[in-house]
Amino acid sequence: MMISKTTFVAIVSMLMKNVDDKKELLECSGDLPDKCVECIMEETEFQQDLITMLTAITFDRFGVIRDYLYDRDDDGEYFFGIPKGNKIEVYLLTSAEDLYEYLAEESEGFSLIAERRKVWFFKNLL
């Protein structure tokens, strides 16, 4: 994978804390209108960019990172299934480390290819 486990876990843990803080705020606030809940839970541009970056460099084709951040249960677990042909593979993620391991396994064999091209401009001197 193109990101170290330590860096990935640090970023995801920071994002998890932010999401958990927002959820705690909602619990303490009582019954709020749906619009207020949406405003509180809305991702900042910084969060969106981090999730997009992590999604791209880990080849997260199914959006598991965002789902893990927002859909974990109270115990920090996220249970999901992904269709693979005629069957569904089921996963249980209990930590950011588990998420990294899942993504590393799923991205095996994929790689980003960056190519640098030189463009030459010629000026016609007539």
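Starting afresh in each chain, residues are numbered from 1 along the sequence in its written order. In view of the model being predicted, local features appear only for residues whose pLDDT reaches at least 70, and side-chain atom pairs are presented and counted only at 80 or more, with totals across whole chains, interfaces and linings using the full set of residues. Calculated side-chain values reflect all of the structure's heavy atoms, with hydrogen atoms and water omitted.

## Some remarks on a nonpolar patch on the surface
Turning to step 1, where the next piece is worked out: Like-charged residues within 9 Å of one another, or nonpolar side chains (Val, Leu, Ile, Met, Phe, Trp, Tyr) within 5 Å, are grouped into patches, provided each residue has over 30% relative accessible area and no salt bridge. Exposure was quantified through the Shrake-Rupley algorithm and a 1.4 Å probe, taking into account, for residues, occlusion by the shown protein chains and nothing else. Salt-bridge detection follows one rule: a side-chain nitrogen of Lys or Arg within 4 Å of a carboxyl oxygen of Asp or Glu. Residues Phe79, Ile88, Val90 and Leu92 make up a contiguous nonpolar surface patch of roughly 430 Å² in combined accessible area.
Turning to step 2, where the next piece is worked out: A run of DSSP states H or I qualifies as a helix once it reaches four residues; a run of E qualifies as a strand once it reaches two. Both are numbered from the N-terminal end. Ranked by residue count, the leading element in the nonpolar patch is strand E2 (residues 87-93), at 3 residues.
Turning to step 3, where the next piece is worked out: Along the chain, Leu92 falls in strand E2.
Turning to step 4, where the next piece is worked out: Exposure is judged per residue with a 1.4 Å probe applied to protein chains only, and the accessible area is read against the type maximum: over 50% gives exposed, under 20% gives buried, and values in between give partly exposed. Looking at Leu92, the relative accessible area reads 46%, which means it is partly exposed.

## Here's the deal with a negative patch on the surface
Turning to step 1, where the next piece is worked out: In this count, Lys and Arg are taken as positive residues and Asp and Glu as negative ones, while His and the chain termini are left out. Positions of charges follow a simple convention, taking NZ of Lys, CZ of Arg, CG of Asp or CD of Glu. On the surface, a cluster of negative charge is contributed by Glu24, Glu27, Asp73, Asp74 and Asp75.
Turning to step 2, where the next piece is worked out: Within the element layout of this structure, Asp73 appears in the loop between helix H4 (64-71) and strand E1 (78-84).

## Notes on the packing of helix H1 (residues 5-29) against helix H3 (residues 45-57)
Turning to step 1, where the next piece is worked out: Axis definition: a line fit to C-alpha positions, over the contact stretch in the case of helices; interaxial angles, taken between N-to-C directions, run 0 to 180 degrees. Between H1 and H3, whose axes approach to 11 Å, the crossing angle comes to 140°. Considered as vectors, H1 and H3 are oriented oblique to each other. The handedness of the crossing between H1 and H3 comes out as left-handed. Contacts from Phe8, Ile11, Val12, Met14, Leu15, Asn18, Val19 and Lys22 in H1 reach Phe46, Gln47, Leu50, Ile51, Met53 and Leu54 in H3.
Turning to step 2, where the next piece is worked out: Gly counts as polar in this scheme, as do all residues outside two lists: the nonpolar Ala, Val, Leu, Ile, Met, Phe, Trp, Tyr, Cys and Pro, and the charged Asp, Glu, Lys and Arg. Residues belonging to the contact of H1 with H3 are distributed by class as follows: 11 nonpolar, 2 polar and 1 charged. For classification purposes, an angle smaller than 35 degrees is called roughly parallel, one larger than 145 roughly antiparallel, one from 65 to 115 roughly perpendicular, and anything else oblique. Note: crossing handedness is left-handed where the near helix turns anticlockwise from the far helix by less than a right angle, and right-handed where it turns clockwise. Here, residues are in contact when the closest pair of their heavy atoms is within 4.5 Å.

## Examining the layout of surface pockets
Turning to step 1, where the next piece is worked out: Looking at the largest pocket, its volume works out to about 160 Å³.
Turning to step 2, where the next piece is worked out: The residue inventory of the lining of the largest pocket, partitioned by class, reads no nonpolar, 1 polar and 7 charged. Here a cavity denotes grid points, spaced 1 Å and computed from the protein atoms alone, that fit a 1.4 Å probe unable to get out, and a pocket denotes an open set having protein on both sides within 12 Å along at least 5 of 7 lines; residues with an atom within 4 Å of a point are the lining. Grid points are joined across faces, edges and corners, and a volume is the space filled by probe spheres set on the points.

## Focus: the packing of aromatic side chains
Turning to step 1, where the next piece is worked out: The pairing test for Phe, Tyr and Trp rings, Trp by its six-membered ring, is centres within 6.5 Å, and the orientation test on the planes gives stacked under 30 degrees, edge-to-face over 60, and tilted for anything in between. Per the counting criterion, the structure on display carries 5 aromatic pairs.
Turning to step 2, where the next piece is worked out: Look at NZ for Lys and CZ for Arg. If either is within 6 Å of the ring centre and within 35 degrees of the ring normal, a charge sits over the ring. The ring of Tyr68 has Arg72 sitting right over it, with the charged end atom 5.6 Å from the ring centre.

## Observations concerning the confidence of the model for the protein
Turning to step 1, where the next piece is worked out: Taken as a whole, the protein shows an average pLDDT of 85; of its residues, 85% reach a score of 70 or greater.
Turning to step 2, where the next piece is worked out: The predictor rates its confidence in each residue with pLDDT, a number between 0 and 100. Averaged over each element, pLDDT in the protein is lowest for helix H2 (residues 34-41) (82) and highest for H4 (94).

## Concerning empty space enclosed by the protein
Turning to step 1, where the next piece is worked out: Applying the stated criterion across every chain yields a total of 1 cavity of 30 Å³ or more.
Turning to step 2, where the next piece is worked out: Here the largest cavity is characterised by a volume of approximately 40 Å³.
Turning to step 3, where the next piece is worked out: In terms of lining, the largest cavity is formed by Phe59, Asp60, Arg61, Phe62, Tyr102, Leu103 and Glu106.
Turning to step 4, where the next piece is worked out: Classifying every residue of the lining of the largest cavity gives 4 nonpolar, no polar and 3 charged.

## Section: the nonpolar core
Turning to step 1, where the next piece is worked out: The criterion is simple. A nonpolar core is a set of buried Ala, Val, Leu, Ile, Met, Phe, Trp, Tyr and Cys residues joined through side-chain atoms within 4.5 Å. Core analysis: the biggest nonpolar cluster contains 29 residues, and Phe8, Val12 and Leu99 have the highest contact counts within it.
Turning to step 2, where the next piece is worked out: Elements supplying a minimum of two residues to this core: H1, H3, H4, E1, E2 and helix H5 (96-106).
Turning to step 3, where the next piece is worked out: Counting residues per element, this core draws most heavily on H1, at 8 residues.
Turning to step 4, where the next piece is worked out: Excluding residues that lie within four positions of it along the chain, Val12 makes contacts with Leu54, Tyr68, Leu69, Ala96 and Leu99.

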